[in-house]
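Structural description and commentary
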Amino acid sequence: MDLKVIELRKAFHAQSGDVQAVHGVSFEVPRGTFFTLLGPSGSGKTTILRCIGGLEMPDSGEISLGEKIYYSDRRRIGLMPEERGIGMVFQSYAIWPHMTVFQNVAYPLAKEASRGEIKERVGMILGRLSLGSLADRLAPNLSGGQQQRVALARALVARPQVLLLDEPLSNLDAKLREQMRFELKALQESLGITTVYVTHDQEEALALSDRIGLMHEGALLEVGAPAELYLRPAHRVTADFLGTANFVAARVERNADRPWDEMVLETPIGKFVAQRSVEWQPGVATQLFFRPECVDLLDANAPPNDGPNYGEGVVERVTFLGNSADMIMRCKDTQIRVRSHPTRTPAAGRQVRFFIAPESCIVFPDPAG
């Protein structure tokens, strides 16, 4: 059963006037899909999650799972949270400090299952999340990662049809957060549970998701697979928010009739063949976009090439990041960001030549006009 959100709207009332948190958002999450709402603080992603879970009442729209209507202003239906068959994990975990791990996880079953069934189901989910040996431990005596697992076990023990996750990894340190990403994704795939995840962390969204919906100022700007949104964004906001981006002022030499057809641009760093984005229109100020890791540094002995998409510059600064190195390169009067393997990084002050493949270059309108 697919989770569907149709034309969802929600405003909050304040003394200074209404604040429109969600503007007519629609999306569909196929059964078993890990779907992430990604965006900065205040973009409306958590409000949508709370509306799905029944913790906020929308102003209008419809939310459904298969034939089951969670909310519809048109049909005047609004199920309570406990009627929706949804599991939720919050940023704060919200586990009870006076209860043991077993008691916390068993809580959702207290009114619907026998003592024997509770013991079996709790034991099974604790085993899946490597918490079996901690069943009798009080919650405050757990590490951050263990508390996160307890919250997840409690959300899953009732066998919900949909799992909602509101930035559940944000309180963990970087190494543990990375470990929990792998564990969470593996668990979601093995259970086949439909999951809606909220985060502002781009790396987290890229690592976990089957599909990502990018939120911007209360609207769902773009939906796609992680690689699609990262490497071929349809909107400039997506390109800018999702990872590090280069934007270089450009002048159009050859136009393209349709999105993703090739154009020819003249820029301060050279001539480029690039793909027209969905947003770009003839007559507007133009920018060339490419990712730092798409800049291919050429061998020092390679012959010069003055063709399109080739350029040269001087490395001004190198930042070592462990698994990669970030560089600031000056090309005439323009600075660009470059990312390379740390063992193949030129030193600051060196002049280097580079190539950026046309399929890595996209044309966007310049927001400055």
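Overview of the structure. These numbers come from a predicted model, not from an experiment.

1. Quick word on the pairing of strand E11 (residues 219-224)
Both faces of the sheet carry side chains from a regular strand, because those side chains alternate between them. Inspection of the sheet shows strand E10 (residues 211-216) paired to E11 by five bridges, in the antiparallel sense. The partner of Met215 across the bridge, within E11, is Leu220. Joining the antiparallel neighbours E10 and E11 is a turn of two residues, in which Glu217 adopts a positive phi near 55°.

2. Looking at the side chain of Glu62
Here Glu62 lies in strand E4 (residues 60-65). The exposure class assigned to Glu62 is buried, which follows from its relative accessible area of 11%. There is a polar contact of 3.1 Å between the side chain of Glu62 and the side chain of Ser72. Setting aside chain neighbours within four positions, we find Glu62 in contact with Lys4, Val5, Ile6, Ile69, Tyr71, Ser72, Arg74 and Arg75.

3. Quick word on helix H5 (residues 174-191)
Taking 1.5 Å of rise per residue, 18 residues should cover 26 Å, and H5 covers 26 Å from first to last C-alpha, within 8% of that figure. Of the positions making up H5, those classed as buried are Arg177, Met180, Arg181, Leu184, Lys185, Leu187 and Gln188. Within H5, the buried residues cover an arc of 165° as seen down the axis, which keeps them to one side. Facing away from the buried side of H5 by more than 90 degrees, the exposed set consists of Lys175, Phe182 and Glu189. At its buried positions, H5 is contacted by strand E3 (34-38), helix H3 (115-128), helix H4 (144-156), strand E8 (162-166), strand E9 (194-199) and helix H6 (202-208).

4. So, the environment of Leu38
Mapped onto the elements of the fold, Leu38 is located in strand E3. Not counting the four nearest positions on each side in its chain, Leu38 is found in contact with Lys45, Thr199, His200, Asp201, Gln202, Ala205, Ile212, Gly213, Leu214, Met215, Phe241 and Leu242.

Conventions used here
Residues numbered from 1 in each chain as written. Predicted model: local features only at pLDDT ≥ 70, side-chain atom pairs only at ≥ 80, totals over all residues. Heavy atoms only, no water. Pairing = 2+ DSSP bridges. Helix = DSSP H or I, 4+ residues; strand = E, 2+ residues; numbered from the N terminus. Buried < 20%, exposed > 50% of the residue type's maximum accessible area, 1.4 Å probe, protein only. Polar contact = N/O pair within 3.5 Å; in protein donor to acceptor, adjacent residues only side chain to side chain. Contact = heavy atoms within 4.5 Å. Expected span 1.5 Å × (residues − 1). Arc of directions from axis to C-beta.

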